[in-house]
There are 2 protein chains.
Amino acid sequence: MRISRYILPTLKEDPSDAVVSSHRLMMRAGLIRKESAGMYVYLPLGLRALRKVIAIIKEEMDAAGAHEFLMPEMTSADLWRESGRWDSMGPEMFRIRDRNGLEYALAPTHEEAFTAVVRSLISSYRDLPLNVYQINTKFRDEIRPRYGVIRSKEFIMKDAYSFDMDEKGLDESYQAMRRAYRQIFQRCGLETIPVQADTGSMGGSDSEEFMVASEVGEEVLLLCGSCDYKANQEKAEFRRGDRKGGGAPEALREVSTPDVKTIADLAAFFQCDEGLFLKSIVYLADGAPVMAVVPGNREINELKLARALKATALELAPDSVVEEVTGAPVGFAGPVTDKKVRMLFDLAVKGVVNGITGANKKDLHYAGVNPGRDFTIGEEYDLTKAVAGDPCPKCGSPMRETKGIEVGHIFKLGYKYTKSMKVSVLNEQGRETTPIMGCYGIGVNRTVAAIVEQHHDDKGIIWPKAIAPFDVHLVGIWKEEQELRALEGLYDTLSKAGFEVLYDDRKASPGIKFADADLAGLPVRVTAGKGYFQTGDLEIKCRWGGEVVKVKESGLVEAIRDSLAGCP
Amino acid sequence: MRISRYILPTLKEDPSDAVVSSHRLMMRAGLIRKESAGMYVYLPLGLRALRKVIAIIKEEMDAAGAHEFLMPEMTSADLWRESGRWDSMGPEMFRIRDRNGLEYALAPTHEEAFTAVVRSLISSYRDLPLNVYQINTKFRDEIRPRYGVIRSKEFIMKDAYSFDMDEKGLDESYQAMRRAYRQIFQRCGLETIPVQADTGSMGGSDSEEFMVASEVGEEVLLLCGSCDYKANQEKAEFRRGDRKGGGAPEALREVSTPDVKTIADLAAFFQCDEGLFLKSIVYLADGAPVMAVVPGNREINELKLARALKATALELAPDSVVEEVTGAPVGFAGPVTDKKVRMLFDLAVKGVVNGITGANKKDLHYAGVNPGRDFTIGEEYDLTKAVAGDPCPKCGSPMRETKGIEVGHIFKLGYKYTKSMKVSVLNEQGRETTPIMGCYGIGVNRTVAAIVEQHHDDKGIIWPKAIAPFDVHLVGIWKEEQELRALEGLYDTLSKAGFEVLYDDRKASPGIKFADADLAGLPVRVTAGKGYFQTGDLEIKCRWGGEVVKVKESGLVEAIRDSLAGCP
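This one's a predicted model, so the numbers in the text were calculated from it and none came from an experiment. (Residues numbered from 1 in each chain as written. Chains lettered and ligands numbered in written order. Predicted model: local features only at pLDDT ≥ 70, side-chain atom pairs only at ≥ 80, totals over all residues.)

S.K.: Explain the packing of helix 2 (residues 44-63) of chain A against helix 6 (residues 167-187) of chain A to me, please; I cannot follow it from the model alone.
M.R.: Packed helices, taken two at a time, are described by their axes: the angle between them and the distance between them. Residues and elements named next belong to chain A. The N-to-C vectors of helix 2 and helix 6 enclose an angle of 150 degrees; their axes lie 9 Å apart at closest approach. One way to sum up the angle between helix 2 and helix 6 is to call them roughly antiparallel. The way helix 2 lies across helix 6 gives a crossing that is right-handed. Of the residues in helix 6, those touching helix 2 at I56, I57, E60 and M61 are A180, Q183, I184 and R187. A per-class count over the contact of helix 2 with helix 6 returns 5 nonpolar, 1 polar and 2 charged. (Axes fitted to C-alpha atoms, helices over the stretch in contact; angles between N-to-C directions. Helix = DSSP H or I, 4+ residues; strand = E, 2+ residues; numbered from the N terminus. Parallel < 35°, antiparallel > 145°, perpendicular 65-115°, else oblique. Left-handed = near helix turned anticlockwise from the far one by under 90°. Contact = placed C-beta atoms within 7 Å. Nonpolar A, V, L, I, M, F, W, Y, C, P; charged D, E, K, R; others polar.)

S.K.: Got a minute to help me understand the relation of the copies chain A and chain B in this structure?
M.R.: One copy of the chain maps onto the other through a rotation about an axis followed by a shift along the same axis. When chain A is brought onto chain B, the operation consists of a screw motion whose angular component is 180 degrees and whose axial shift is 0.0 Å, with 0.1 Å RMSD remaining. What the superposition gives is, in effect, a two-fold axis relating one chain to the other. Of every C-alpha in chain A, the one belonging to I96(A) sits nearest the axis of rotation, 3.4 Å from it. A shared binding surface is used by both copies, with 100% of the interface residues of chain A retained as interface residues in chain B. (Least-squares fit on C-alpha atoms with pLDDT ≥ 70 in both.)

S.K.: Before we go on, may I ask you to explain the sheet that holds strand 15 (residues 288-295) of chain A in this structure?
M.R.: Backbone-to-backbone hydrogen bonds join strands into a sheet, with any given pair of strands oriented parallel or antiparallel. Residues and elements named next belong to chain A. Taking strand neighbours across the sheet as the criterion, the 5 strands line up as 16-14-15-17-20 in an open arrangement whose pairing is mixed. This sheet does not close on itself; its edge strands, each paired only once, are strand 16 (314-316) and strand 20 (379-381). With direction set aside, neighbouring strand axes in the sheet form an average angle of 35 degrees. Sitting on the sheet, helix 9 (residues 319-326) touches strand 14 (278-285) and strand 15, and the angle it makes with strand 14 is about 115 degrees. (Pairing = 2+ DSSP bridges.)

S.K.: Where do I start with the interface of chain A and chain B in this structure?
M.R.: Interface size, as often reported, equals the accessible area lost upon joining of the parts. If you look at the interface, chain A gives 38 residues, while chain B gives 38 residues. Of all the secondary structure elements, the ones that give two or more residues to the side of chain A that touches chain B are strand 1 (32-36), strand 2 (39-42), helix 2, strand 3 (67-68), strand 4 (74-76), strand 5 (94-97), helix 5 (111-121) and strand 7 (130-139) of chain A.

S.K.: I'm lost on the pairing of strand 6 (residues 103-106) of chain B in this one. Help?
M.R.: Regular strands place their side chains on alternate faces of the sheet. All names here are of chain B. Relative to strand 6, strand 4 (residues 74-76) is paired through 3 bridges, and the arrangement is antiparallel. Its bridge partner being in strand 6, S76 is matched across the sheet by Y104. A loop of 5 residues connects strand 5 (residues 94-97) with strand 6, the two strands running antiparallel in sequence, and G101 in this loop sits at a positive phi of about 90 degrees.

S.K.: Would you mind showing me how to read the nonpolar core here?
M.R.: Most often, soluble globular proteins keep nonpolar side chains buried together rather than apart. Grouped together as the largest cluster of nonpolar side chains are 258 residues, with contacts concentrated most on V472(A) and V472(B). Residues contacting V472(A), with those up to four places away along its chain left out, are L494(A), F499(A), V501(A), L522(A), V524(A), V526(A) and I560(A). (Core = buried A, V, L, I, M, F, W, Y, C linked by C-beta atoms within 7 Å. Buried ≥ 20, exposed ≤ 12 C-beta atoms within 10 Å, placed from the backbone.)

S.K.: What am I meant to see in helix 1 (residues 21-28) of chain A here?
M.R.: Residues lying three or four places apart along an α-helix face the same way, a consequence of the helix completing one turn every 3.6 residues. All names here are of chain A. Of all 8 residues that make up helix 1, 7 are buried, and the element is covered over most of its length. Turning to helix 1, its buried residues are S21, S22, H23, L25, M26, M27 and R28. Where helix 1 is buried, its residues contact strand 1, helix 2, helix 11 (444-454), strand 25 (456-457), strand 26 (460-461) and helix 13 (510-520). Positioned one or two residues after helix 1, G30 has a phi angle of 75 degrees, which is positive.

S.K.: Would you mind going over the packing of helix 2 (residues 44-63) of chain B against helix 11 (residues 444-454) of chain B with me for this structure?
M.R.: Residue and element names in this part refer to chain B. Here helix 2 crosses helix 11 at 110 degrees, and the two axes come no closer than 9 Å. One element, helix 2, and the other, helix 11, form an angle in the roughly perpendicular class. Helix-helix and strand crossings are classified by hand; for helix 2 and helix 11 the assignment is right-handed. Residues A49, L50, V53 and I54 of helix 2 lie in contact with helix 11, whose contacting residues are V444, N445, T447 and V448.

S.K.: Help me understand the sheet that holds strand 4 of chain A in this model?
M.R.: All names here are of chain A. Overall, antiparallel pairing links the 3 strands, which are arranged 4-6-5 in an open sheet. Strands at the two margins of the open sheet, each flanked by one partner only, are strand 4 and strand 5. Across this sheet, the average inter-strand angle for adjacent strands is 35 degrees, counted without regard to direction. Relative to strand 6 (residues 103-106), strand 5 is paired through 4 bridges, and the arrangement is antiparallel. Counted as the bridge partner of R97 is E103 from strand 6.

Here is the structure:
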């Protein structure tokens with residue numbers, strides 16, 4: 001492609017709203033343009049990169065035996081009602097009504113739509129296992145779109161859904177996708193961290209996210225330094241056994257604590273470790289009040305709490321409910337009470353000796369609180385967030401935190417959709433059987449962005465060769481028309497050799513051309529200038545590093561092949 | 001692809017809601033499934049055909065020098081407001097609001113979005129000409145979706161937009177697209193009729209639609225039997241010169257016509273030709289009343305009337321306005337009046353001698369009406385619909401009518417968007433200049449449907465080879481495992497020879513397999529059964545017709561190549 005006839009609007013300056021490298025460089029290199037908040041236009045160069053990721057995903061999904069479909073992006077509300085998600089999906093799902101009054105979701109995901117069509121296609125165990133997928137546009141009413149195409153309102157996803165006769169079958173389908181995903185990201189030149197993840201509102205059991213480590217990642221990951229334990233903070237566990245406080249149990253006593261508001265204030269007031277406090281927080285779980293009790297030095301992980309409660313909707317209780325449940329204003333809740341309220345205790349609570357907690361009375365706390373004696377630990381769960389330094393749940397070594405961008409997610413859905421949407425097939429014995437599902441997603445746009453995030457320097461993008469929009473950046477430095485004609489011949493030679501060549505034939509300065517080449521980040525740069533016209537010398541440079549190599553035209557094709565072979 | 005592992009749910013019966021052949025066969029052959037009214041799922045076989053059409057379109061657009069983009073499908077209302085179309089687009093455009101209150105259209109077309117991004121990319125005459133396109137999903141709030149994917153609420157379009165410095169440049173861009181479109185449809189094996197068309201609400205001048213003749217087409221076309229004149233009825237002209245009535249002008253006289261309502265009633269009452277009546281109809285054109293006067297034997301073509309009036313909105317005036325304008329109840333309007341109302345006359349009115357018209361008084365008509373004497377013909381236009389039998393405007397031969405499905409449309413938009421959205425570039429003299437646009441669309445889904453509509457028989461689809469989901473349908477007829485193994489070898493041979501093979505390896509009866517092969521309509525069927533296992537004889541049959549040919553395995557690949565070469 002001749003740049004003089006191409007659309008390659010590189011920018012010298014960083015766009016003011018681009019705070020992350022990938023967004024900045026995708027704008028500057030002319031891959032994308034913003035249309036409106038959270039909405040991006042792909043220019044030709046960006047679309048080429050996107051298509052290369054799509055092609056790799058398609059090849060690997062096909063190789064894994066999945067079948068490609070194309071679903072409507074507007075999905076009928078009736079389908080969402082069947083699964084019960086029309087009401088539970090929340091404000092991130094765009095909803096629309098047509099002029100006949102029919103309602104639709106602009107689909108953020110396609111469990112219902114695929115389940116409905118598969119339901120019409122299968123009747124027997126012979127039709128399973130089945131893995132169906134599409135690569136299609138999705139929508140999300142993102143309240144704060146940011147980071148360019150990493151978090152936008154409209155995006156392309158590959159979403160796949162497996163249907164199996166039983167859990168063993170599901171596990172095989174799941175493992176096939178685990179392998180395919182590793183292969184996909186590896187072929188894209190993207191180093192991912194597969195972590196254990198929560199299954200969120202989807203329901204289900206096993207779940208793995210493919211994360212790309214990044215300072216701007218919106219997910220927090222806990223990684224063990226010794227073993228292979230890696231988990232999203234939403235899901236991460238940590239080894240327990242910590243005992244807080246000590247000595248002989250003291251008597252329970254009331255302490256007046258006016259104007260002592262926060263845990264830090266209380267720790268100062270009582271001159272003790274924050275972990276000795278039993279922080280008691282009242283929630284509404286699907287509308288019913290519950291109290292969660294955790295050590296004062298720990299944050300509640302609300303996803304863990306919701307999972308423990310099997311709650312669909314979990315929110316902090318309003319003050320009025322707190323007062324009703326505890327008999328005291330907000331700030332003095334605690335587990336030592338005669339009131340009947342469902343209580344869930346974090347695993348660490350039982351290890352507290354002579355703790356401190358709200359007395360369910362205004363301006364009063366209890367000290368000398370001892371679990372078992374002063375209150376009963378009934379329901380006990382892991383309810384708190386793991387943080388850096390916590391011991392790994394597998395090996396006990398300290399874990400570290402890192403931030404990550406999620407590019408893929410696989411999980412075992414279980415029977416949620418096949419049961420609610422009444423999918424059944426006859427098993428080998430001729431009995432009606434409900435298939436079990438898995439679900440497998442890849443964010444295509446953010447995969448491209450994550451590749452840029454992971455592979456760039458201060459001059460521009462450094463594309464892995466499999467995703468690079470072109471293989472070769474041919475920089476022609478010419479003044480006379482006859483030089484341009486010679487360059488055209490070179491361009492022709494490289495194109496005929498099968499390379500995808502971006503050929504800078506512009507009448508521009510070498511400085512501008514080199515800067516644009518660095519910005520565009522194609523794997524191999526070939527420079528043809530004065531040396532070429534005088535002595536036939538061409539220069540080859542790999543964008544991934546290394547020296548400039550001089551070569552004659554006769555050895556050029558092979559030299560480019562070598563250089564490409566050396567690129568990631 | 002082995003059918004035993006593929007998703008190919010053929011249907012023996014026609015779906016009850018499928019009234020056209022393409023819909024019926026696309027359902028029966030397992031290409032599509034209905035999700036909800038006007039919403040279709042593409043199954044793997046259908047998606048393959050769709051992709052082949054897309055690939056041809058992309059190749060020809062790229063060859064024509066167009067640049068591929070990918071635009072958001074949700075386009076910001078601000079863009080539509082800039083062009084003025086947020087208000088004028090009407091109820092077919094889906095509109096949606098996000099939770100931050102921003103409004104969007106689910107784009108039915110992308111003039112605004114492309115104009116906005118191109119505006120940011122061009123600054124000089126050197127950046128033009130430019131032709132940008134995408135292949136992407138579009139939405140339309142279709143009040144009566146029908147005919148399967150021919151008229152659905154969500155569909156894939158290729159839409160392209162050219163930007164040129166002047167009309168000469170636009171004409172070159174337009175002609176390049178005319179050539180590309182002919183090439184695209186020819187490669188798809190689709191015979192299209194390019195017809196002159198109205199530019200509708202888009203504004204603009206030249207316009208050509210690519211129609212596929214079909215009984216179920218929703219457009220009416222007028223085709224000359226002698227010359228190359230072809231036009232959509234919306235646009236079609238016809239040669240005038242007809243003179244109605246005759247003799248010496250009679251005196252104008254009032255005739256009482258109580259209970260004579262329709263033109264047919266009047267013709268019976270006056271015992272004369274319907275063409276002698278001057279039918280006078282009152283409209284509101286952008287809110288202002290106008291009277292259109294046409295011969296009684298002709299239908300008004302409202303698109304022609306709107307174009308003559310340069311009106312954006314045209315509707316029949318309500319009774320109250322008719323009464324106000326004419327001074328009489330509805331049914332007695334006529335051009336012989338003292339009232340001031342803008343009147344437009346069809347070209348045929350001036351040829352009427354001793355005509356009849358409403359007297360603008362209840363239950364009264366005028367007879368002996370003569371244009372020029374009794375009223376003045378000021379604004380004279382072609383206002384009526386051409387119909388079968390009318391003389392061709394070019395050569396005068398009678399035209400015939402046919403129905404057609406529109407698969408493509410090219411038109412010269414002019415300055416509508418570049419002016420309203422303030423696009424400008426510097427010309428060679430350094431002066432700000434507004435570029436001129438063209439617009440070029442192809443309906444991808446309905447192109448596939450039109451191919452099926454055009455190429456099928458009572459047994460199923462007959463795919464043109466360029467669009468066929470696979471090249472070869474290998475029908476294996478086996479009983480023993482060792483026969484299946486031999487068939488696998490054959491499948492392997494054909495795949496390695498580079499054919500896309502759909503291999504029927506099922507344990508099913510030959511009758512079922514042949515019926516499915518006829519339904520699927522792949523160009524070449526290879527049957528391997530008893531003859532193959534016993535004497536090595538294979539049978540080749542072309543779905544387009546011709547005899548079954550026997551061939552040995554050694555000659556199979558060549559025989560298939562020959563057979564494919566003989567297919568359209």
